[in-house]
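As a plain string of letters, each chain reads:
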Amino acid sequence: MVVEVSSSKASDGTHSSLRNFSQSAGCSMEQVFTPISIMKGAISPTPGFRPPFASQNEIGFFGTKFESYPTPPSSGDQQFSYEDSMAARRQAYQDEMLRRRLEYQQRMESLRNFNQSGQTPPTPVPIEPFETGAVGPTINELNPYFPSIFGDDGSAFIASNDYNVVVHEPTTDLNLKKNSRRPETHTIRTQALRGPLILSGWGFDIGDLPVPSLSSRIPGRDYEFDPLMVNQRSYWKTGPIHLMWDDQRQVWSGGYQVLCGYLSDEEGENKIEAPTDPLSPTTFKVKVFRRTSAGSGVIDTEGKYSLLSDGLGEKITCVNRDVNLEWDGEDPSKVFVVAIRINYEWVPLWISVESGSSVFIGTFEDEWRKGLSKSVLQTKPETQEDVEVNVINLFATIGTTGSNTCAYTKIGNEYYLLATECD
């Protein structure tokens, strides 16, 4: 098959197609590219870049526009460790959030004053995107012309990158390297790949098996590549790339975002309440773990895994739709949580709390009448903690004078007696 039908003009491509039409392939450029606009610190006309939306379920470092991050380690004489850099980012983030809160309060106070005076209030200025910050990269960080990764509005990046020719404003020459006003560049009009992207090639499938495999011609050879694919592209797998649009971060995502951490230990956030049904969820907060500079992902010489850190202060709000999931213990920092972002909400993928089907052992005192609840002291040999719960007895009246041992379980939001040692 002819891969390139012409490299000069349309008539050449037409001539090639007429000579061998059944083996020719070609298209005009609008099927591969689409024009887009990118404006610094502004909303571009579509198709173009738009700012990310605020997410009230996250507290993180991404999505904010202007943060005074330290000089990148790759530039200048001063070198920053990962910990120093993150500490500086955390302080800059806190300062920026304080500035925004004060600005917002002043704005609201001005509006109240106008309302009380009967005057027409001024047009409100939109709140900057991501009031609370995101816990994943947004369009602001991934902007290829004006990224916020160095703590400014992207002027430093556009002034120093190695790009050559692009349509931009203001300009006297489309060649960026000849433009003496590069830091003042505010608008880019360029080309993006048309989506859905189409890919044709070989690789491995979602089961980690080779494709195309030899099993398509010889049954049972699932773990071997078909050698014919080396020079016969008709054997290659061809289809669109499944990327997912994230409307909050304004980016195309290659998969669901997954984070891990532990249940927040701050007052008012340190428990998990069960909802009445999946459509009436409750929420709980999770402090996010991040890899440190020493976090290589392997076991060290002392037999310990490299440490994760919660030092960045990032936090997510998880939505609990599981009527059997609840926790109200003594140490929330020991409740490990893996959360996944689905339908723009964080939901627990796995959490280290006892499920509704767990059986507990405890002790109660004296007689226990049928149909009544009684305080049971839960036995936890590994922690030596005293936890008292109210357990309902649906069986016959039991118990004798003194302490008695029993087994009980949790069904829904209540604990029920299963068995005792009594006669």
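Computed from a prediction, not measured in an experiment: that's the story for all the values here.

Criteria and cut-off values
- Residues numbered from 1 in each chain as written.
- Predicted model: local features only at pLDDT ≥ 70, side-chain atom pairs only at ≥ 80, totals over all residues.
- Heavy atoms only, no water.
- Helix = DSSP H or I, 4+ residues; strand = E, 2+ residues; numbered from the N terminus.
- Contact = heavy atoms within 4.5 Å.
- Areas by Shrake-Rupley, 256 points an atom, 1.4 Å probe, with all protein chains shown as cover.
- Pairing = 2+ DSSP bridges.
- Axes fitted to C-alpha atoms, helices over the stretch in contact; angles between N-to-C directions.
- pLDDT = per-residue confidence, 0-100.
- Salt bridge = Lys/Arg side-chain N within 4 Å of Asp/Glu carboxyl O.
- Buried < 20%, exposed > 50% of the residue type's maximum accessible area, 1.4 Å probe, protein only.
- Core = buried A, V, L, I, M, F, W, Y, C linked by side-chain atoms within 4.5 Å.
- Polar contact = N/O pair within 3.5 Å; in protein donor to acceptor, adjacent residues only side chain to side chain.
- Patch = residues over 30% accessible without salt bridge, like charges linked within 9 Å, V, L, I, M, F, W, Y side chains within 5 Å.
- Phe/Tyr/Trp six-rings, centres within 6.5 Å; stacked < 30°, edge-to-face > 60°.

This part takes up the overall build of the chain. Along the chain, the regular secondary structure elements total four helices and 22 strands. Here the contacts in the chain between residues at least 6 apart in sequence split such that 57% fall between residues at least 24 apart. When the accessible surface of the chain is summed, it comes to about 26,200 Å², and 55% of that surface belongs to carbon and sulfur atoms.

Time to look at the sheet that holds strand 18 (residues 359-365). Taking strand neighbours around the barrel as the criterion, the five strands line up as 18-19-20-22-21 in a closed arrangement whose pairing is mixed. Adjacent strand axes in the sheet meet at a mean angle of 55°, parallel and antiparallel pairs treated alike. Where strand 20 (residues 387-392) lies against strand 22 (residues 414-420), two bridges are found, and the strand directions are parallel. Bridged to Val 391 within strand 22 is Tyr 415.

Moving on: the sheet that holds strand 1 (residues 33-39). Reading across the sheet, the three strands line up as 1-4-3 and stay open at both edges, with antiparallel pairing between neighbours. The two strands at the open ends of the sheet, each matched to only one other strand, are strand 1 and strand 3 (167-169). With strand direction ignored, the average angle separating the axes of adjacent strands in the sheet is 30°.

On to the confidence of the model for the chain, then. Per-residue confidence for the chain gives a mean pLDDT of 80; residues scoring 70 or more make up 74%. Within the model, the stretch residues 1-7 combines pLDDT values under 50 with 14 contacts to residues more than four positions away or in other chains. Below a pLDDT of 50 lies the segment residues 123-131, which in the model reaches 26 contacts outside its immediate sequence neighbourhood of four places, other chains included.

The tally for this structure, following the rule as stated, stands at 18 salt bridges. Measuring nitrogen to oxygen at the nearest pair gives 3.5 Å for the salt bridge that ties Arg 249 to Asp 246. Here Arg 249 falls in the buried class, since its relative accessible area comes to 3%. Exposure remark for Asp 246: the relative accessible area of 8% places this residue in the buried category. Close ionic contact of Glu 367 with Arg 369 constitutes a salt bridge, the shortest N to O distance being 3.6 Å. Judged by relative accessible area, Glu 367 falls into the partly exposed class, the value being 43%. What makes Arg 369 partly exposed here is its relative accessible area of 48%.

Mapped onto the secondary structure, Leu 394 falls in the loop between strand 20 and strand 21 (403-411). C-alpha separation for the pair Leu 394 and Tyr 416, spaced 22 residues apart in sequence, amounts to 7.6 Å. Apart from residues lying up to four places away in sequence, Leu 394 is in contact with Lys 370 and Tyr 416.

A separate point is the pairing of strand 18. Here strand 18 shows a buried face lined by Phe 360, Gly 362 and Phe 364 and an unburied face lined by Val 359, Ile 361, Thr 363 and Glu 365. As paired elements, strand 18 and strand 21 share seven bridges and run antiparallel to each other. Its bridge partner lying in strand 21, Phe 364 is registered against Asn 404. As paired elements, strand 18 and strand 19 (residues 373-378) share two bridges and run antiparallel to each other. From the neighbouring strand, Gly 362 faces strand 19, where its bridge partner is Gln 378.

All right, on to the nonpolar core then. Within the largest apolar cluster, 17 residues are counted, with the highest numbers of intra-cluster contacts made by Ile 272, Phe 284, Ile 316, Cys 318, Val 335, Trp 346 and Ile 351. Of all the secondary-structure elements, those providing two or more residues to this core are strand 11 (258-263), strand 12 (282-288), strand 15 (315-320), strand 16 (336-342) and strand 17 (345-351). Of the residues forming this core, the biggest block, three residues, is contributed by strand 12. In this structure Ile 272 touches Leu 263, Phe 284, Asn 320, Leu 325, Glu 326, Trp 327 and Ile 351, once residues within four positions along its chain are discounted. One finds Val 391, Tyr 408, Tyr 415 and Cys 422 within the second-largest nonpolar core, a separate group that totals twelve residues.

Now for the side chain of Arg 249. Note on placement: Arg 249 falls in the loop between strand 9 (244-246) and strand 10 (251-253). For Arg 249, the side chain forms a polar contact with the side chain of Glu 58, separated by 2.8 Å. Within the local environment of Arg 249, its side chain forms a polar contact with the backbone oxygen of Gly 136, the two atoms lying 3.4 Å apart.

A few words on a nonpolar patch on the surface. Together, Leu 199, Ile 241, Leu 243, Trp 245, Trp 252 and Tyr 344 make up a nonpolar patch on the protein surface, roughly 610 Å² of accessible area in all. Topologically, Leu 243 is positioned in the loop between strand 8 (237-240) and strand 9. For Leu 243, a relative accessible area of 33% gives the class partly exposed.

The relation between two aromatic rings is expressed through the spacing of the ring centres and the mutual angle of the planes. One pass over the structure, following the stated rule, counts eleven aromatic pairs. Each residue in the set Tyr 145, Phe 157 and Tyr 163 is aromatic and connected to the rest through ring pairs, giving one cluster.

With that out of the way, let us pick up unusual backbone geometry. Gly 195 connects to Pro 196 through a cis peptide bond whose omega is -5°. Within the element layout of this structure, Pro 196 appears in the loop between strand 4 (187-193) and strand 5 (198-201). In this structure, the amide linkage connecting Val 211 to the following residue, Pro 212, adopts the cis form with an omega of -5°. Of note, the phi angle at Gln 250 is positive, near 60°, even though the residue is not glycine. With respect to the helices and strands, the residue Gln 250 is situated in the loop between strand 9 and strand 10. Looking at Gln 250, the relative accessible area reads 8%, which means it is buried.

The next thing to look at is the side chain of Ser 44. Inspection of the secondary structure assignment puts Ser 44 in the loop between strand 1 and strand 2 (58-59). Setting aside residues up to four positions removed in sequence, Ser 44 forms contacts with Ser 37, Ile 38, Met 39, Phe 49 and Arg 50.

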